[in-house]
Amino acid sequence: MNPQLQFLMFCLSMSIGFAQNGKIISKKQVDLSKTLIWDRISQENELHPDFEHVNKLNFYDIIYQSDDHQVQGIIVEPKKEGEHPVVIFNRGGNRDFGRLTIGTLVMYTSKLAEQGYVIIGSNYRAQDEFGGAEINDVLNLTETVKEIDKADSECIGMLGWSRGGMMTYIALQKSDMIKTAIVGNGPSDLFDIARDRPKMETHDFAECIPDYWKNRALELKKRSVVYWADELDKKSSLLILCGTNDKRVNPEHAEKIAIELTAIGYDFELKKYETDHYFTNYKNELNELLIDWFDQRLKK
């Protein structure tokens with residue numbers, strides 16, 4: 001085959017593939033009683049009163065296209081008919097640690113979903129670069145929601161916890177589709193993480209981030225919002241939640257980004273609570289915060 005024609009065909013095949021970004025390849029409804037979370041939220045096969053609201057929700061496992069990867073995700077949507085605003089949930093951890101499960105979304109977002117929100121989250125591609133190319137797996141969900149009948153694809157918010165907070169900051173840098181976002185105990189300066197948790201640098205950063213030791217300073221800055229806060233989408237807004245007893249992400253991360261956002265006049269709020277990384281003793285307050293913020297900033 002003519003080399004020039006071969007190149008043109010390759011380019012065409014690539015463009016067609018990427019044009020499918022976000023496309024749902026498979027979708028399967030999940031029976032909650034068959035999941036690992038069921039024993040925690042039920043007794044004698046009946047939901048505990050605190051979780052009766054999940055009867056109003058449908059749960060789905062999906063596989064969707066992102067670049068040349070097929071990525072696993074989860075959807076939670078109200079059974080109630082109608083078009084609902086969307087919240088993209090960004091998980092914490094990396095690789096298999098902290099994987100997104102139905103249980104994660106039951107514990108962190110089911111109360112929000114009950115109030116009339118479609119929740120969608122990604123487990124990111126297998127080759128996790130800790131804030132690298134897999135950010136596309138988050139951004140492409142803005143296309144995925146166009147295939148969800150109950151989702152208002154013009155009304156998208158975002159919620160990121162821990163590493164997911166970092167992903168949320170990067171998403172706000174790269175996209176203008178996120179109308180508002182919440183970051184919970186998210187790192188804002190990875191140089192501080194490397195200093196405070198050296199094992200995380202050697203076991204996570206160095207193993208995930210391509211050519212890490214060769215390009216350490218550049219790669220850490222690319223993932224640290226304090227160095228490019230002025231690049232966040234100016235039309236969006238942020239709620240930053242900080243547990244003052246957090247042992248995984250120092251509360252100083254919230255303070256540092258708050259200083260930068262104040263300096264540029266960004267629309268944000270910082271709320272602190274005397275709790276740990278997971279807001280263990282503030283779960284009810286957390287649910288109220290999420291619902292109140294998205295009701296005010298996202299619902300039409």
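Above this text sits the structure in question.
So, here's what we can say about the structure. Quick caveat, the model's predicted, so the values are computed rather than measured.

Thoughts on unusual backbone geometry
So, point 1. Look at asparagine 45: it is not a glycine, yet its phi comes out positive at around 65°.
So, point 2. With respect to the secondary-structure elements, asparagine 45 resides in the loop between β2 (42–43) and β3 (46–47).
So, point 3. Not every positive phi belongs to a glycine, and asparagine 185 is a case in point at roughly 45°.
So, point 4. Relative to the helices and strands, asparagine 185 is located in the loop between β9 (178–184) and α7 (190–196).

Quick word on the environment of glycine 98
So, point 1. Its place among the elements puts glycine 98 in the loop between β6 (84–90) and α3 (102–114).
So, point 2. Residue glycine 98 is classed as partly exposed on the basis of its relative accessible area of 37%.
So, point 3. It is 23 Å that separates the C-alpha atoms of glycine 98 and glutamate 274, two residues lying 176 residues apart in sequence.
So, point 4. Non-local contacts of glycine 98, meaning those with residues more than four positions away in its chain, are made with Arg91 and Gly92.

A closer look at the nonpolar core
So, point 1. Ranked by internal contacts, the top residues of the largest apolar core, which has 52 residues, are Ile120, Phe205, Leu238 and Leu261.
So, point 2. When residues of this core are assigned to their parent elements, the largest contribution, six residues, is made by helix α6 (residues 163–174).
So, point 3. With residues near it in sequence (within four places) discarded, phenylalanine 205 still touches Phe130, Leu190, Ile193, Ala194, Met200, Tyr212 and Leu220.

Quick notes on the environment of arginine 163
So, point 1. By secondary structure assignment, the location of arginine 163 is in helix α6.
So, point 2. With relative accessibility at 3%, the residue arginine 163 sits in the buried group.
So, point 3. Taking the C-alpha atoms as reference points, arginine 163 and valine 183, 20 residues apart in sequence, are found 9.6 Å from one another.
So, point 4. Within the local environment of arginine 163, its side chain forms a polar contact with the backbone oxygen of glycine 93, the two atoms lying 2.8 Å apart.
So, point 5. Reaching out from arginine 163, the side chain makes a polar contact with the side chain of aspartate 128 at a distance of 2.9 Å.

What to know about a negative patch on the surface
So, point 1. Negative charge collects at one region of the surface, where Glu44, Glu46, Asp50 and Glu52 lie side by side.
So, point 2. As for its position among the elements, aspartate 50 is in the loop between β3 and β4 (57–66).

Overview of the pairing of strand β10 (residues 238–243)
So, point 1. Burial analysis of β10 places six of its six residues in the buried class, the great majority of the element.
So, point 2. Residue alternation in β10 divides its side chains into two sets, Leu238, Ile240 and Cys242 and Leu239, Leu241 and Gly243, and both sets are buried.
So, point 3. By the bridge criterion, four bridges tie β9 to β10 in an arrangement that is parallel. Bridge pairing links alanine 181 to leucine 238 in β10.
So, point 4. Sheet topology places β10 next to strand β11 (residues 268–273); six bridges connect them, and they run parallel. Across the sheet, the residue bridging to isoleucine 240 is leucine 270, located in β11.
So, point 5. You can see the chain leave β10, run along helix α10 (residues 252–263) and come back into β11, and the turn it takes is right-handed.

Calculation criteria
All residue numbers refer to position in the chain's written sequence, counted from 1. A pLDDT threshold of at least 70 governs which residues receive local features in this predicted model, and a stricter bar of 80 or more applies before side-chain atom pairs are shown or counted, although totals over entire chains, interfaces and linings include all residues. Values shown for side chains rest on all heavy atoms present in the structure; no hydrogens or waters enter the calculation. Where helices and strands are cited, they refer to DSSP runs of H or I of at least four residues and of E of at least two residues respectively, numbered from the N terminus. Throughout this description, buried means an accessible area under 20% of the type-specific maximum (1.4 Å probe, protein chains only), exposed means over 50%, and partly exposed covers the range between. Contacts are residue-level and defined by heavy atoms, with any inter-residue pair within 4.5 Å sufficient. Residues belong to one nonpolar core when they are buried, are Ala, Val, Leu, Ile, Met, Phe, Trp, Tyr or Cys, and are joined through side-chain atoms within 4.5 Å. We call two N or O atoms a polar contact when they sit within 3.5 Å, provided that within protein one can donate a hydrogen and the other can accept it, with sequence-adjacent residues counted only if both atoms are side-chain atoms. Like-charged residues are merged into a patch within 9 Å and nonpolar side chains (Val, Leu, Ile, Met, Phe, Trp, Tyr) within 5 Å, provided each residue has over 30% relative accessible area and no salt bridge. Surface accessibility in these figures is a Shrake-Rupley result with a 1.4 Å probe; residues are shielded only by whichever protein chains are displayed. For salt bridges, the criterion is a side-chain nitrogen of Lys or Arg within 4 Å of an Asp or Glu carboxyl oxygen. Residues counted as positive are Lys and Arg, residues counted as negative are Asp and Glu, and His and the chain ends are not counted. Where a charge lies is defined by one atom per residue type, namely NZ (Lys), CZ (Arg), CG (Asp) and CD (Glu). At least two DSSP bridges between two strands are required for those strands to pair. Here a crossover is taken to be right-handed if, once the strands point away from the viewer, the path from the first strand over the helix to the second is traced clockwise.

Limitation: the analysis is restricted to geometry and does not speak to function.
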